[in-house]
Amino acid sequence: MADHLTIDDYLHAMRTHLRNRHDRVELLDEVEDHLRSTAERHVASGRSPVAAESETIGSFGDPLVIADALADANGAAAVPTHFTRSIGRVAMIGSLAWVALPVAFWSSHVLEQRGRDWEGTPQVLFMGGTASLAAGASITLLLMLALRQRHGGFRVAATVGVGVCGLAVAASMVAWAIPLWTAILAIGCGLVAAEVLRRGSAPTGWAVTLAAAWPAGLATLVLLRSMQFGEVDEWGDYPAAYLTGMTVGCALMTASLIGLGHWLGNEQPVDGPHVGSAMAG
Amino acid sequence: MKGQALKGHLDLLVLAVLEDGAKHGYAVIDELRVRSDESFDLPEGTVYPVLHRLEKSGLLQSDWSVVQGRRRRTYELTKKGRGALAEQTRSWDEFTAAVGRVLGGGGAQWQTT
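A brief look at the structure comes next. Bear in mind the structure is a predicted one, so any value in this text is a computation, not a measurement. In this numbering scheme, every chain counts its residues from 1 along its sequence in written order. Going through the entries in the order they are written, you letter the chains from A and number the ligands from 1. Only residues with pLDDT of at least 70 get local features here, since the model is predicted, and only at 80 or more are side-chain atom pairs given and counted; chain-wide, interface and lining totals rely on the full set of residues. Note: side-chain values were computed over all heavy atoms of the structure, leaving out hydrogens and water.

## Considering the pattern of salt bridges
Phase 1 of the analysis: Take a side-chain nitrogen of Lys or Arg and a carboxyl oxygen of Asp or Glu: if they are within 4 Å of each other, that pair is a salt bridge. In this structure the tally under the stated criterion is 21 salt bridges over all chains.
Phase 2 of the analysis: In this structure, Asp33 of chain A and Arg72 of chain B form a salt bridge, with 2.8 Å as the shortest nitrogen-oxygen distance. Of the two residues, Asp33 of chain A is situated in helix H2 (residues 24-44) and Arg72 of chain B in strand S3 (residues 70-77); the pairing between them involves two chains. Of the two residues, Asp33 of chain A and Arg72 of chain B, neither departs from the other in class, the shared state being buried.
Phase 3 of the analysis: Where Arg35 of chain B meets Asp20 of chain B, a salt bridge forms, and the shortest distance between an N and an O atom there is 3.8 Å. Residue Arg35 of chain B is located in helix H3 (residues 25-35), and its partner Asp20 of chain B is located in the loop between helix H2 (10-17) and strand S1 (23-24); the two are separated by 15 residues in the primary sequence. Secondary structure elements follow DSSP: runs of H or I no shorter than four residues count as helices, runs of E no shorter than two count as strands, and numbering proceeds from the N terminus. Only protein chains enter the accessibility calculation, which uses a 1.4 Å probe; a residue whose area is less than 20% of its type maximum is buried, one above 50% is exposed, and one in between is partly exposed.

What follows is the structure in structure tokens.
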């Protein structure tokens, strides 16, 4: 460190280096308290203010090395990136998959009820619904990953939630087992949404919608099933109850994907050097 | 003692300094210096990442206050931190005792048998 550097210069160097961190203010406040306290002590012991600051800075260490060590100790930065922005935009468009799913399943069901041969249009529509579920679950998984990155990582429970959302992609292979994949999504999205709410960065309303989507769908399904809603099918079940519950979940999921996707998709990324230089200082 | 040699022991030293009560980073560094008779020579800034890491591990907890118009962060041991301090102190004692026995030349019995 050059002798003429002041505490302000030192803090400026650290501030610039830590510009992408959400916890920058806390990190710098603590360093500033240390530096100014030390300098005041040196002045009280008879040194000049310039010498006191110089000695203080010299004994604290290189600002960039210390800043990196602080950043490492505190984990990844919780900042918007090009990845989070891209996934946010994809999620808004991809939310249509959660619209297409109930449309396809309901259409298949209604046509079958009207006596159409299952191996014709109803089956094609069902396969389309299955593809929509796979797409919707995949986009949801991507959104969870983007939310994780946007928050600089999740706690263990929420990270498990992201993994559970990955299971939902696999569960789309058994799209007919609506309670199964609905429950998987309820757990996965719920764990992630709880973490997002705890961190408080994302829009609360959309995070709550994410948490509520599949529990609401499941609750509707169970309630209507217990009420024997709709016509009974050849297996003694009530498909309209399942489809209605699923539709509730899909509707709320669409809304949360649009809301959270809009939030992520409209944030300015800070992970590019061109952006960083614009923000410096 | 040089910073590199201290590096592996900083966690234990910081925990030990905080054993008798809450302190802010500056006081932790000051206490390290005083207790070691100014033997420990490391950049002061390197102690803060240690404090943050210990807090993330749940061994410390911190609180903010305002002193002389500046925000000040104070650290104290958690229950888990006290347990870790006791455990690490025990390990350190065993290690130094073993090293002491080796350096003291506790007798090469193979020569006499």
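## As for the side chain of His151 of chain A
Residue and element names in this part refer to chain A.
Phase 1 of the analysis: As for its position among the elements, His151 is in the loop between helix H7 (121-150) and helix H8 (156-171).
Phase 2 of the analysis: The class for His151 is buried, based on a relative accessible area of 1%.
Phase 3 of the analysis: What qualifies as a polar contact is a pair of N or O atoms within 3.5 Å, subject to a donor-acceptor requirement within protein and to the restriction that residues adjacent in sequence count only when both atoms come from side chains. Among the polar contacts made by the side chain of His151, one reaches the main-chain carbonyl oxygen of Leu147 at a distance of 2.7 Å.
Phase 4 of the analysis: By definition, residues are in contact when any of their heavy atoms lie within 4.5 Å. Excluding residues within four positions of it along the chain, His151 makes contact with Ala78, Val196, Arg199, Ser201, Ala202 and Trp263.

## As for helix H4 (residues 63-73) of chain A
Phase 1 of the analysis: For H4 of chain A, the full list of buried residues reads Pro63, Ile66, Ala67, Leu70, Ala71 and Ala73 of chain A. Summarising the axial view, the buried residues of H4 of chain A lie within an arc of 165°, below the 170-degree limit, and thus occupy one face. Of the exposed residues in H4 of chain A, those oriented more than 90 degrees away from the buried face are Val65 and Asp72 of chain A.
Phase 2 of the analysis: The secondary structure elements touched by the buried residues of H4 of chain A are helix H1 (7-17), H2 and helix H3 (49-60) of chain A together with helix H4 (47-56) of chain B.
Phase 3 of the analysis: The N-cap of H4 of chain A, judged by a side-chain oxygen 2.8 Å from the amide nitrogen of Leu64 of chain A a few residues on, is Asp62 of chain A.
Phase 4 of the analysis: One or two residues past the end of H4 of chain A sits Gly75 of chain A, with phi positive at roughly 80°. Working note: the arc is built from the helix axis to C-beta atom directions.

## With respect to the pairing of strand S2 (residues 60-67) of chain B
Residue and element names in this part refer to chain B.
Phase 1 of the analysis: Here 8 bridges tie S2 to S3, and the two strands are oriented antiparallel to one another. Across the sheet, Val66 pairs through a bridge with Arg71, a residue of S3.
Phase 2 of the analysis: Whether two strands pair depends on DSSP finding at least two bridges between them. Between S2 and S3, which pair antiparallel in sequence order, lie 2 residues; one of them, Gln68, sits at a positive phi of approximately 50°.

## Brief notes about unusual backbone geometry
Phase 1 of the analysis: Of note, Gln228 of chain A is a non-glycine position whose phi angle comes to about 55°, a positive value.
Phase 2 of the analysis: By the element assignment, Gln228 of chain A lies in the loop between helix H10 (204-226) and helix H11 (239-265).

## Digging into the packing of helix H5 (residues 82-94) of chain A against H7 of chain A
Residue and element names in this part refer to chain A.
Phase 1 of the analysis: Where H5 contacts H7, the two axes come as close as 9 Å, and the packing angle between them is 150°. By the angle class used here, H5 and H7 are roughly antiparallel. In this structure, H5 crosses over H7, and the sense of that crossing is left-handed. The residues of H7 that touch H5, namely those facing Phe83, Thr84, Ile87, Val90, Ala91 and Gly94, are Ile139, Leu142, Leu143, Leu145, Ala146, Gln149 and Arg150.
Phase 2 of the analysis: For this classification, Asp, Glu, Lys and Arg are treated as charged, while Ala, Val, Leu, Ile, Met, Phe, Trp, Tyr, Cys and Pro are nonpolar and the rest, including Gly, are polar. Partitioned by chemical class, the residues of the contact of H5 with H7 number 9 nonpolar, 3 polar and 1 charged. To get an axis, a line is fitted to the C-alpha atoms, and for a helix only the part in contact is used. The angle between two axes follows their N-to-C directions and goes from 0 to 180 degrees. These descriptions rest on fixed angle ranges, namely under 35 degrees for roughly parallel, over 145 for roughly antiparallel, 65 to 115 for roughly perpendicular, and the rest for oblique. Crossing handedness follows the turn of the near helix against the far one: under a right angle anticlockwise gives a left-handed crossing, and clockwise gives a right-handed one.

All quantities given are derived from atomic positions and should not be read as evidence of function.
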